[in-house]
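Structural characterization, general
Each chain, written out:
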Amino acid sequence: MRDIEAEAEKIVEEAKKRAEEILREAKRRAAEILEDKSYLVELTAERKKLEESIEREARRIVEEAEKTARKLRENISRKISDYAKHLASIIAGIEVE
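This text gives an overview of the structure that appears in the document.

Reading the values: the criteria
Residues numbered from 1 in each chain as written. Predicted model: local features only at pLDDT ≥ 70, side-chain atom pairs only at ≥ 80, totals over all residues. Heavy atoms only, no water. Helix = DSSP H or I, 4+ residues; strand = E, 2+ residues; numbered from the N terminus. Rg over C-alpha atoms; globule rule 2.2 N^0.38 Å. Buried < 20%, exposed > 50% of the residue type's maximum accessible area, 1.4 Å probe, protein only. Contact = heavy atoms within 4.5 Å. Areas by Shrake-Rupley, 256 points an atom, 1.4 Å probe, with all protein chains shown as cover. Lys, Arg positive; Asp, Glu negative; His and termini not counted. Charge placed at Lys NZ, Arg CZ, Asp CG, Glu CD. Expected span 1.5 Å × (residues − 1). Core = buried A, V, L, I, M, F, W, Y, C linked by side-chain atoms within 4.5 Å. Salt bridge = Lys/Arg side-chain N within 4 Å of Asp/Glu carboxyl O. Axes fitted to C-alpha atoms, helices over the stretch in contact; angles between N-to-C directions. Parallel < 35°, antiparallel > 145°, perpendicular 65-115°, else oblique. Nonpolar A, V, L, I, M, F, W, Y, C, P; charged D, E, K, R; others polar.

1. With respect to the overall build of the protein chain
- Helix and strand counts for the protein chain stand at 2 helices and 0 strands.
- Relative to the 2.2 N^0.38 estimate, which gives 13 Å for 97 residues, the radius of gyration of the protein chain is 23 Å and therefore markedly larger than a compact globule would have.
- Burial statistics for the protein chain: of 97 residues in total, 18% are counted as buried.
- Here the analysis covers contacts within the protein chain between residues at least 6 apart in sequence; of these, 67% occur between residues at least 24 apart.
- About 7800 Å² of surface is accessible on the protein chain, with carbon and sulfur atoms providing 51% of the total.
- Each charge class in the protein chain can be summarised by its mean position, and for the 23 positive and 25 negative side chains these summaries are 1 Å apart.

Listed below in structure tokens is the structure:
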């Protein structure tokens, strides 16, 4: 159970790190674009669109990782419950539902 919870946390952390990397890259790319002052107005609008798009993607990645982690936790709970019922039936010699 701890291993699966650790794996779920690892997935979430990796997703967060990836999202942070994406945001850093977007800001770096935006800064490069903004160095050309002649296109500043157009590039500022493009940068904003790019950052918004990347932020949406980062949120989607994190949400997906959290969803995966939640499913892992639910599966673990279900498996623990099933295992506990099985052990109880073995020990008590009766069928536990």
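2. Structural notes on helix α2 (residues 40–92)
- Compared with the 78 Å implied by 1.5 Å per residue over 53 residues, the 76 Å span of α2 between its first and last C-alpha is a close match.
- Looking at α2, one finds that the buried residues are L43, I54, A58, I61, V62, A65, A69, I76 and S89.
- Looking one or two residues past α2, G93 carries a phi angle of roughly 75°, positive in sign.

3. Focus: the nonpolar core
- Counting residues in hydrophobic clusters, the biggest one holds 9 residues: A8, V12, A15, I22, A26, I54, I61, A65 and A69.
- For this core, the secondary-structure elements that each account for two or more residues are α1 (2–34) and α2.
- At 5 residues, α1 tops the list of elements feeding residues into this core.

4. Topic: the pattern of salt bridges
- Applying the stated criterion to the full structure yields 8 salt bridges.
- A salt bridge links E51 to R47; its shortest N-O distance comes to 3.9 Å. With a gap of 4 residues between them, E51 and R47 both fall in helix α2, about one helical turn apart.
- Overlapping salt bridges bring together E25, R28 and E32 as one network.

5. Concerning the packing of α1 against α2
- In the contact formed by α1 and α2, the axes pass within 9 Å of each other and the chain directions differ by 175°. Our classification of the angle between α1 and α2 gives roughly antiparallel.
- Of the residues in the contact of α1 with α2, the class split is 22 nonpolar, 2 polar and 9 charged.

6. Focus: the environment of M1
- Checked against the element boundaries, M1 lands in the segment before α1.
- A relative accessible area of 54% places M1 in the exposed class.
- Once the C-alpha coordinates of M1 and K79 are considered, the two residues, 78 residues apart in sequence, prove to be 9.2 Å apart.
- Not counting residues up to four positions away in its chain, the partners in contact with M1 are I76 and I80.

Structural measurements only, silent on function.
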